[in-house]
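So the chains spell out like this:
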Amino acid sequence: MNTGSVTTLPRLESAGLDGWMVRLFDSIEETNLPWITALLQRCESAFGTAVVDLVPSYTTLLVVFDPVQLSPLEAQQKITSLLTDLTPEGSSGTSQIHELPTFYHASVGPDLERVAEHTGLSVAEVIACHSQKTYRVFALGFAPGFAFMGLTAPQLECPRLDTPRKKVPVGSVAIAARQTAAYPTATPGGWNLLGRTSARLFDRKREGFSLLNVGDQVRFVPASREAFERSGGDITPMEACQ
Amino acid sequence: MTTLPQSDIAIRVLRAGPLALLQDRGRFGVRHLGVTQGGPADLYSWAWANRLAGNPWGSASLEITFGGLQLVAERDLDIAIAGADLGATLEGHPVPLWQRVRWSEGQKLTFGTPVSGLRAYLSVRGGFAAPPAMGSVACVAREQLGGFDGHGRKLADDDRLSTFKPGITAAPGITQAPPHARPDFREPPQLDLLPGAQIAEFTGRSLFDAFNTWWRVDDRADRMGVRLAGPKLQCRIRSLISEGINLGGVQVPPDGQPIVLLNDRQTIGGYPRLGALSPLSVSRLAQCLPGQEVRLVARSGESVLREYRAFLASFAS
């Protein structure tokens, strides 16, 4: 992608009266995340009560600060100093591997066949391909706790549906382009549904609310219908969820 | 040990109207989870309504869009309505706006249709009481968060609304907003825009057009964003890798028509931006009806910061 700029990275861009966009990278790589989460943690401790929100995503960190405590210039200087000797979060750090039990089946994954057709793989190969890789959470957005993860294997690349579904059931596991996700709540959605996880992805009563956080590592673990149900999964077929 | 203030049923909803939402300041510290900010679309008028009702900063008010709401008081209440003039009447008599008013038990408070502005804020002394969801009662239906039930349900007919009981002493503070503090929402506003990183990527006449056009507020406008209609802006960048979006961000999708992002916006997005409106300009835009015209004015951070800090300081309790 042409960003039309020759300025070096990282750089700070104005994001309004109370925000700075820290642009660290210019392409989507799983290796970006340890750098972004490291900066996020530094900002958290350095800004203290002056931090309002820190929104990490793929290549950037949006820093929203309290404009009463800090001027944009003061915030800029603070962030710049935090960037000078930044080191990525170590693999032994807080980032854990989540295993999401997933029931891959046409009854809850109505696009399995379509994906197989599009990719030239068999359904079994699609499932194997999707569940063998460990993914990184790039960003949370679209809905509370909705984690954009990747990258999926190149042979699994598949476009979104032409017409999004009005309602995708809770827990649906999906792919689009080279990303994967699981729906934390029933929302509209245009991704290809492969199955369903019993993991509770978003819970407003839980400490931290979201199971998955940016930078986390995730694996989808194939589960039998029985194991899926035992762990609290809902096997109501897709058609009955509309 | 702190004790929670007592709350009690105060109001019954006779007719919910098209859109009435409970709003405190909003949800913060959770945007990295994909949870939107919420809060009053017009922060300025919301702050005034609370102040005039004798409430501290951050109290929950009702944001009434378009009007159509009818309520009856189930006990004597002190209230203030600020923001849009939606033709509110108390037992058929016009309610003065931007000042404290007594609403007696049994009286009907009725909102009509917009006379000027789009969103009115009703504050009751003591503040509305509701169970917080993720630190806020701000109602976001899409996320099933906030509101009187805690799960994002909009106001419905026959709902009974609770307020916190205020102390027995008279509410302190001013009871009327001075005339200069009451915006005239029929005037076409000049909206302060702080230029952002992609501004240099707009080509040809686009930058001239952006700041020298009377943009028309489109009818595709809600609490997520307000679309502006006018000349097509051209940008060298069609899309970005999704990144966090701040309040007031002015994004320009490939159709060249800017969208100003408000309180219930998606937390991340990937369109190039002209920049971001100041918080007070976001407030002002939130009062514009479809068809009204607005102007974008490029401003520097320092002057806008001074104004915003002065606003916040005047409301600090």
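What you see is a predicted model, and the numbers here were worked out from it, not measured in a lab.

## Here's the deal with the overall build of chain B
Then comes step 1: Assigned secondary structure in chain B consists of 4 helices and 21 strands.
Then comes step 2: Against the globule reference of 20 Å for 317 residues, chain B gives a C-alpha radius of gyration of 20 Å, in line with a compact fold.
Then comes step 3: With respect to the principal axes defined by its C-alpha atoms, chain B has extents near 60 × 40 × 35 Å.
Then comes step 4: Within chain B, the proportion of its 317 residues that are buried is 59%.
Then comes step 5: Of the contacts made within chain B by residues no fewer than 6 positions apart, 76% connect residues no fewer than 24 positions apart.
Then comes step 6: Accessible surface, chain B as shown: approximately 12400 Å² in total, 52% of it carbon and sulfur.
Then comes step 7: Side-chain charges of chain B comprise 34 positive and 29 negative groups, with the mean position of each set lying 3 Å from the other.

## Topic: the overall build of chain A
Then comes step 1: From N to C terminus, chain A includes 5 helices and 13 strands.
Then comes step 2: Counting only C-alpha atoms, chain A reaches 55 × 40 × 35 Å along its principal axes.
Then comes step 3: Sorting the 242 residues of chain A into buried and exposed places 53% on the buried side.
Then comes step 4: Contacts in chain A between residues at least 24 apart in sequence constitute 63% of all its contacts with a sequence separation of at least 6.
Then comes step 5: As displayed, chain A offers around 10500 Å² of accessible surface, 52% of which is attributable to carbon and sulfur atoms.

## A few points about the sheet that holds strand β9 (residues 108-110) of chain B
All names here are of chain B.
Then comes step 1: Spatial ordering of the open sheet is given by β7-β6-β9-β4-β1-β12-β11, a layout of 7 strands whose pairing is antiparallel. Every interior strand has two partners, whereas the edge strands, β7 (93-94) and β11 (128-129), have only one.
Then comes step 2: For strand β1 (residues 7-15) and strand β4 (residues 70-73), the ladder comprises 4 bridges, and the chain directions are antiparallel. Among the inter-strand pairings, I11 is bridged to a residue of β4, identified as A73.

## Section: the sheet that holds strand β14 (residues 215-221) of chain B
Then comes step 1: Here we have 7 strands rolled up into a closed barrel, ordered β13-β20-β17-β18-β15-β14-β21 (chain B), and mixed in their pairing. Pairs of neighbouring strands in the sheet enclose a mean axial angle of 40°, with direction left out of account.

## Here we look at the interface of chain B and chain A
Interface size is commonly expressed as the accessible surface area that is lost when the partners come together.
Then comes step 1: Taken together, the contact pairs 42 residues of chain B with 47 residues of chain A.
Then comes step 2: At the boundary of chain B with chain A, total buried surface from both sides reaches about 3300 Å², with 62% on carbon and sulfur atoms.
Then comes step 3: Viewed at the interface, chain A and chain B are joined by 2 salt bridges.
Then comes step 4: A salt bridge links A:D53 to B:R31; the shortest N-O distance between them is 3.3 Å.

## Concerning the packing of aromatic side chains
Residue and element names in this part refer to chain A.
Then comes step 1: Here the structure, examined in full by the defined rule, presents 18 aromatic pairs over all chains.
Then comes step 2: Relative to Y183, the ring of F146 has its centre 5.2 Å away and its plane inclined at 80°; by these criteria the two rings are edge-to-face. Here Y183 lies in the loop between β10 (179-182) and β11 (187-189) and F146 lies in the loop between β6 (135-140) and β7 (147-150), a separation of 37 residues in the sequence.
Then comes step 3: Judged by relative accessible area, F146 falls into the buried class, the value being 2%.

## Focus on unusual backbone geometry
Then comes step 1: The amide bond that connects A:L9 to the next residue, A:P10, takes the cis arrangement and shows omega of -5°.
Then comes step 2: Its place among the elements puts A:P10 in the segment before β1 (11-14).
Then comes step 3: With omega at -10°, the peptide bond leading from A:G150 into A:L151 counts as cis.
Then comes step 4: Tracing the chain through its elements places A:L151 in the loop between β7 and β8 (165-168).
Then comes step 5: For B:F66, which is not glycine, the phi dihedral falls at a positive 75°.
Then comes step 6: Unusually for a residue other than glycine, B:M134 sits at a positive phi of about 50°.
Then comes step 7: Among the structural elements, B:M134 can be located in the loop between β11 and β12 (160-164).
Then comes step 8: Given a relative accessible area of 10%, B:M134 falls into the buried group.

## Observations regarding the domain arrangement of chain B
Residue and element names in this part refer to chain B.
Then comes step 1: In terms of domains, chain B is made up of domain 1 (7-181) and domain 2 (190-315).
Then comes step 2: The C-alpha centroid of domain 2 is placed 27 Å from the C-alpha centroid of domain 1.
Then comes step 3: Across the boundary between the two partners, domain 1 contributes 32 residues, which contact 23 residues of domain 2.
Then comes step 4: Joining domain 1 to domain 2, the criterion identifies 1 salt bridge.

## Let's talk about helix α1 (residues 43-52) of chain B
Residue and element names in this part refer to chain B.
Then comes step 1: Burial analysis of α1 places 9 of its 10 residues in the buried class, which makes it a mostly covered element.
Then comes step 2: Listed as buried for α1 are L43, Y44, S45, W46, A47, W48, A49, N50 and L52.
Then comes step 3: With a side-chain oxygen lying 3.1 Å from the backbone nitrogen of Y44, the N-terminal cap of α1 falls on D42.
Then comes step 4: Of the residues flanking the end of α1, it is G54, one or two places downstream, whose phi is positive at about 85°.

## Some details on the packing of helix α1 (residues 33-47) of chain A against helix α2 (residues 72-84) of chain A
For any two helices packed against each other, one specifies the inter-axial angle together with the distance between the axes.
All names here are of chain A.
Then comes step 1: It is at 10 Å that the axes of α1 and α2 come closest, and there the two elements cross at 130°. Here α1 lies oblique to α2, going by the angle between them. Handedness of the crossing formed by α1 with α2: right-handed. The residues of α2 that touch α1, namely those facing L39, R42, C43, A46 and F47, are A75, K78, I79, L82 and L83.
Then comes step 2: Counted by class, the contact of α1 with α2 contains 8 nonpolar, no polar and 2 charged residues.

## Comments concerning the domain arrangement of chain A
All names here are of chain A.
Then comes step 1: In terms of domain boundaries, chain A breaks down into domain 1 (11-84) and domain 2 (97-241).
Then comes step 2: Of note, the centres of domain 1 and domain 2, computed from C-alpha atoms alone, are 30 Å apart.
Then comes step 3: Carbon and sulfur atoms supply 65% of the area that domain 1 and domain 2 bury against each other, a total of about 850 Å² over both sides.
Then comes step 4: Of all residues in domain 1, E30, L33 and Y58 give up the largest surface area on contact with domain 2, accounting jointly for 63% of the area buried on that side.
Then comes step 5: Joining domain 1 to domain 2, the criterion identifies 1 salt bridge.
Then comes step 6: Counting every contact that joins domain 1 to domain 2 gives 4 residue pairs in polar contact (both at pLDDT 80 or more).
Then comes step 7: Put simply, the parts of the chain that give the side of domain 1 that touches domain 2 at least two residues each are α1 and β3 (51-57).
Then comes step 8: Tallying contributions element by element places α1 first for the side of domain 1 that touches domain 2, with 3 residues.
Then comes step 9: Its residues assigned to classes, the side of domain 1 that touches domain 2 shows 5 nonpolar, 2 polar and 2 charged.

What counts, and at which threshold
- Position numbers for residues start from 1 in each chain and track the written sequence from start to end.
- Chains and ligands are labelled by the order in which they are written, letters from A for the one and numbers from 1 for the other.
- Residues qualify for local features only when their pLDDT is at least 70, as the model is predicted, and side-chain atom pairs are given and counted only at 80 or more; totals for whole chains, interfaces and linings, by contrast, use all residues.
- Heavy atoms throughout the structure, all of them, feed into the side-chain values; hydrogens and water do not.
- The helix count covers DSSP runs of H or I at least four residues long, the strand count covers runs of E at least two residues long, and both are numbered beginning at the N terminus.
- As a reference, a globule follows 2.2 Å times the number of residues to the power 0.38, and the radius of gyration itself is taken over C-alpha atoms.
- Here the term buried applies to any residue with accessible area under 20% of the maximum for its type, exposed to any over 50%, and partly exposed to those in between, with areas from a 1.4 Å probe on protein chains only.
- Every residue pair with non-hydrogen atoms within 4.5 Å of one another is taken to be in contact.
- Surface exposure here means Shrake-Rupley accessible area, sampled with a 1.4 Å probe, where a residue is shielded only by the protein chains that are shown.
- Counted as positive: Lys and Arg. Counted as negative: Asp and Glu. His and the chain ends are not counted at all.
- Positions of charges follow a simple convention, taking NZ of Lys, CZ of Arg, CG of Asp or CD of Glu.
- One requirement defines pairing of two strands: DSSP has to find at least two bridges between them.
- Angles run from 0 to 180 degrees between N-to-C directions of axes, and those axes are lines fitted to C-alpha atoms, restricted for helices to the stretch in contact.
- The term buried area denotes the loss of accessible surface (1.4 Å probe radius) that occurs when two parts are joined, taken as the sum for both partners.
- Each salt bridge in this description consists of a side-chain nitrogen of Lys or Arg and a carboxyl oxygen of Asp or Glu lying within 4 Å of one another.
- Between the rings of Phe, Tyr and Trp (Trp by its six-membered ring), a pair exists once the centres lie within 6.5 Å; its type follows the angle of the planes, with under 30 degrees stacked, over 60 edge-to-face, and the other angles tilted.
- Domain extents, as shown, originate in an automatic or database domain assignment.
- Under the rule applied, a polar contact is a pair of N or O atoms within 3.5 Å (in protein, one hydrogen donor and one hydrogen acceptor; residues adjacent in sequence only if both atoms are side-chain atoms).
- Angles below 35 degrees are treated as roughly parallel, those above 145 as roughly antiparallel, those between 65 and 115 as roughly perpendicular, and all remaining angles as oblique.
- For any helix crossing, the convention is left-handed if the near helix is rotated counterclockwise from the far helix by under a right angle, and right-handed if that rotation is clockwise.
- Each residue gets one label: Ala, Val, Leu, Ile, Met, Phe, Trp, Tyr, Cys and Pro are nonpolar, Asp, Glu, Lys and Arg are charged, and the others, such as Gly, are polar.

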